[in-house]
Amino acid sequence: MILDAQIKAQLEQYLQLLGGDVLLQVSAGSDKVSTDMVDLVEELSAMSPRIQMERTELERTPSFSVTRPGEVTGITFAGIPLGHEFTSLVLALLQVSGRAPKADEKTMEQIKALEGTYHFESYISLSCQNCPEVVQSLNLMSVLNPNITHTMIDGAAFKEEVESKDIMAVPTVFLNGESFASGRMSLEELLAKLGSAPDASEFEGKDPFDVLVVGGGPAGASAAIYAARKGIRTGIVAERFGGQVMDTLSIENFVSVKHTEGPKFAASLEEHVKEYDIELMNLQRAKRLEKKELFELELENGAVVKGKTVILSTGARWRNIGVPGEEEFKNKGVAYCPHCDGPLFAGKDVAVIGGGNSGVEAAIDLAGITSHVTVLEYNAELKADSVLQDRLKSLPNVTVLTNARTQEITGTDKVNGISYIDLQTGEEKHVELSGVFVQIGLVPNTDWLGDFVERTAHGEIVIDQRGATNMPGVFAAGDCTNIPYKQIIISMGSGATASLSAFDHLIRSDIPVLV
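Residues numbered from 1 in each chain as written. Predicted model: local features only at pLDDT ≥ 70, side-chain atom pairs only at ≥ 80, totals over all residues. Heavy atoms only, no water.

**Focus on the environment of Gln 465**
Structurally, Gln 465 can be placed in the loop between strand 24 (442-444) and strand 25 (474-476). A relative accessible area of 78% places Gln 465 in the exposed class. Sequence separation between Gln 465 and Ile 311 is 154 residues; the distance between their C-alpha atoms is 14 Å. (Helix = DSSP H or I, 4+ residues; strand = E, 2+ residues; numbered from the N terminus. Buried < 20%, exposed > 50% of the residue type's maximum accessible area, 1.4 Å probe, protein only.)

**A word on the nonpolar core**
Residues Leu 24, Phe 64, Val 66, Phe 77, Leu 93 and Val 373 are the most contacted members of the largest nonpolar core, which totals 63 residues. Looking at which element gives the most residues to this core, the answer is helix 3 (residues 86-96), with seven residues. The residues contacting Leu 24, other than those within four sequence positions of it, are Val 41, Leu 44, Ile 51, Gln 52, Met 53, Glu 54, Phe 64, Ser 65, Val 66 and Leu 93. Judged by nonpolar contacts, the second largest core, of 31 residues, contains Val 213, Ile 225, Ala 238 and Ala 498. (Core = buried A, V, L, I, M, F, W, Y, C linked by side-chain atoms within 4.5 Å. Contact = heavy atoms within 4.5 Å.)

**Observations concerning the pairing of strand 12 (residues 286-291)**
Alignment of strand 12 against strand 13 (residues 295-299), held across five bridges, turns out to be antiparallel. Looking across to strand 13, one finds that Ala 286 is bridged to Leu 299. (Pairing = 2+ DSSP bridges.)

**Here's the deal with the packing of aromatic side chains**
Going through the model one piece at a time under the given rule, you end up with seven aromatic pairs. Ring geometry for Tyr 118 against Phe 120: centres 6.3 Å apart, planes inclined by 10°, an arrangement best described as stacked. In terms of burial, Tyr 118 and Phe 120 fall into one category: buried. Here Phe 345 and Phe 437 contribute two aromatic rings whose centre-to-centre distance is 5.5 Å and whose plane-to-plane angle is 70°, an arrangement assigned as edge-to-face. A residue pair is termed long-range when its members are at least 10 positions apart, and Phe 345 in the loop between helix 10 (338-341) and strand 17 (349-353) and Phe 437 in strand 23 (residues 435-438) qualify at 92 residues. Assigned by exposure class, Phe 345 and Phe 437 land together as buried. Following the ring pairs from residue to residue traces out a cluster consisting of Tyr 118, Phe 120 and Phe 180. Between the NZ or CZ atom of Lys 165 and the centre of the ring of Phe 174, over which it lies, the distance is 4.5 Å. Here the basic side chain of Arg 233 rests over the ring of Phe 209, its NZ or CZ set 4.1 Å away from the ring centre. (Phe/Tyr/Trp six-rings, centres within 6.5 Å; stacked < 30°, edge-to-face > 60°. Lys NZ or Arg CZ within 6 Å of the ring centre and 35° of its normal.)

**Side note on empty space enclosed by the protein**
One pass over the full model with this rule turns up one cavity of 30 Å³ or more. Put simply, the largest cavity is a space of about 30 Å³. Lining the largest cavity, in full, are Ile 251, Asn 253, Phe 254, Gln 487, Ile 488 and Ile 489. (1 Å grid on protein atoms, 1.4 Å probe; cavity = no way out; pocket = protein on both sides within 12 Å on 5 of 7 lines; lining within 4 Å. Points joined across faces, edges and corners; volume = space filled by probe spheres on them.)

**Examining the side chain of Ser 88**
Structurally, Ser 88 can be placed in helix 3. By relative accessible area, Ser 88 is classed as buried at 1%. Among the polar contacts listed, one links the side chain of Ser 88 to the side chain of Gln 136, at a separation of 3.1 Å. If sequence neighbours within four positions are ignored, Ser 88 has contacts with Phe 77, Pro 132, Val 135, Gln 136 and Asn 139. (Polar contact = N/O pair within 3.5 Å; in protein donor to acceptor, adjacent residues only side chain to side chain.)

**Brief notes about a nonpolar patch on the surface**
A surface patch of nonpolar side chains, about 390 Å² in accessible area, is lined by Val 255, Tyr 485, Ile 489 and Ile 490. With relative accessibility at 38%, the residue Ile 489 sits in the partly exposed group. (Patch = residues over 30% accessible without salt bridge, like charges linked within 9 Å, V, L, I, M, F, W, Y side chains within 5 Å. Areas by Shrake-Rupley, 256 points an atom, 1.4 Å probe, with all protein chains shown as cover. Salt bridge = Lys/Arg side-chain N within 4 Å of Asp/Glu carboxyl O.)

**Quick word on the sheet that holds strand 16 (residues 334-335)**
With parallel pairing, the five strands of this open sheet are ordered in space as 16-23-17-18-19. What marks the edges here is a single partner per strand, and that holds for strand 16 and strand 19 (398-401). Relative to strand 19, strand 18 (residues 372-376) is paired through four bridges, and the arrangement is parallel. Pairing of Leu 376 across the sheet is with Leu 401, part of strand 19.

**Observations concerning the environment of Asp 36**
Tracing the backbone shows Asp 36 in helix 2 (residues 32-47). In this structure the C-alpha to C-alpha distance between Asp 36 and Thr 117, which are 81 residues apart in sequence, comes to 33 Å. In contact with Asp 36, other than residues within four places in its own chain, are Ile 2 and Ile 80.

**As for unusual backbone geometry**
If a residue is not glycine, its phi is most likely negative; likewise, a peptide bond is most likely trans. Omega for the bond connecting Thr 61 with Pro 62 falls within 30 degrees of zero, at 5°, which places this linkage in the cis form. Relative to the elements of secondary structure, Pro 62 occurs in the loop between strand 2 (51-55) and strand 3 (63-67). With an omega of -5°, the peptide bond running from Val 170 to Pro 171 counts as cis. Positionally, Pro 171 belongs in the loop between helix 6 (159-164) and strand 7 (172-175). A positive phi angle is found at Ser 256, which is not glycine, with a value near 90°. Take Ser 256: it is sitting in the loop between strand 10 (234-238) and helix 9 (262-273).

What follows is the structure, given as structure tokens:
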């Protein structure tokens, strides 16, 4: 039995929602993955009279397609879609059966309007929290457009194929046999990459916003909700709604929620935002902010959005180490997400740069997958919590190098090693390995602001206790500011503070409020 009793009980409820018959076409061999896959498909077919199973030969073995009898819907799972991908399987069953997908009408029309032939292949790992959104988006596109097909490929089940294509990060997407994209992408981002994105003309004629929030992470969502509850015109411009939370595997310190995952948390944020009259302008990158009669935010696509007040909540991103080889070998051995990409380095030697909590946690995770982990820390001792250091020291396949300044990440077509300077001796040393995970903290997404508002030497926006910047009418919140602790709950509180301060600014100024 592949599915445990609890999962089967939950699944039975979903299978009652099937809108029509579903055919699972199975291509299996005699290997263990094939055997387990057949067991899974047989369990599914036994749970609902609407699910049928038949043997066939597909492009890859082991794999199975999800289609309707007498039709081809274009969805194939190569490997066993359990772990984080089990939801992808359930959604595929429901959507192929005729159940309406949870996507807005405009997006579905964009998918249906795509012309040409699109054969997508997504390479994933079952432990990757960033992969399901890509898989589910491509599956949905396959259901809605007959010219689109999608195959999800579990890298652990097809190691030779993954290695032959030098895939060293997941999710990685190929389109019509050519590399297309890598990393987490929403349905809207995939469509934008295919050329179906809003242009500047769609922003023409927009009335100014009373509060214009720039950034769609926890701070931005909180700020927008607090503003909208005042009954004033509110908008969010976000490069990617959810922000860095989307890349967070586990959240266990958000008070009142014992445990959740980043993508689920971000989905809840978006659902809450959409409960209010908030205009969400997603997949829009801010380029410049100016003060004229009102504040004018120029976007990368050339559009200009106006606001009477502005709340900057652009968050932060992974900090680069900034040495030769890092940029050249990104997704070719240089990685930033051990949960996502760790399984691709099973049985290999890797390094983790950074001795803080994130670096040591990454090393602990990777030690259970890889052959050996080398931790490089610039300072004389690790900065991680003592409980994490104790756990790290107990692992037999981990080496910790302190006083180590990373000099270069080496390789040819992919990473083959790392060079560092021993700061005690001044000697340059080299370690041969296959992957490097960079875990050295965050850098605020504020470069685009220039000197429009005061920033620290590290790029953080300087704010007072009310969230105000040195520019009247401009407020800031969250990880892009100089607040001392970068935590989700603190960001949300600072977003609320900035929003209330923006409202107070509006009612005390002579600018008419749009209610």
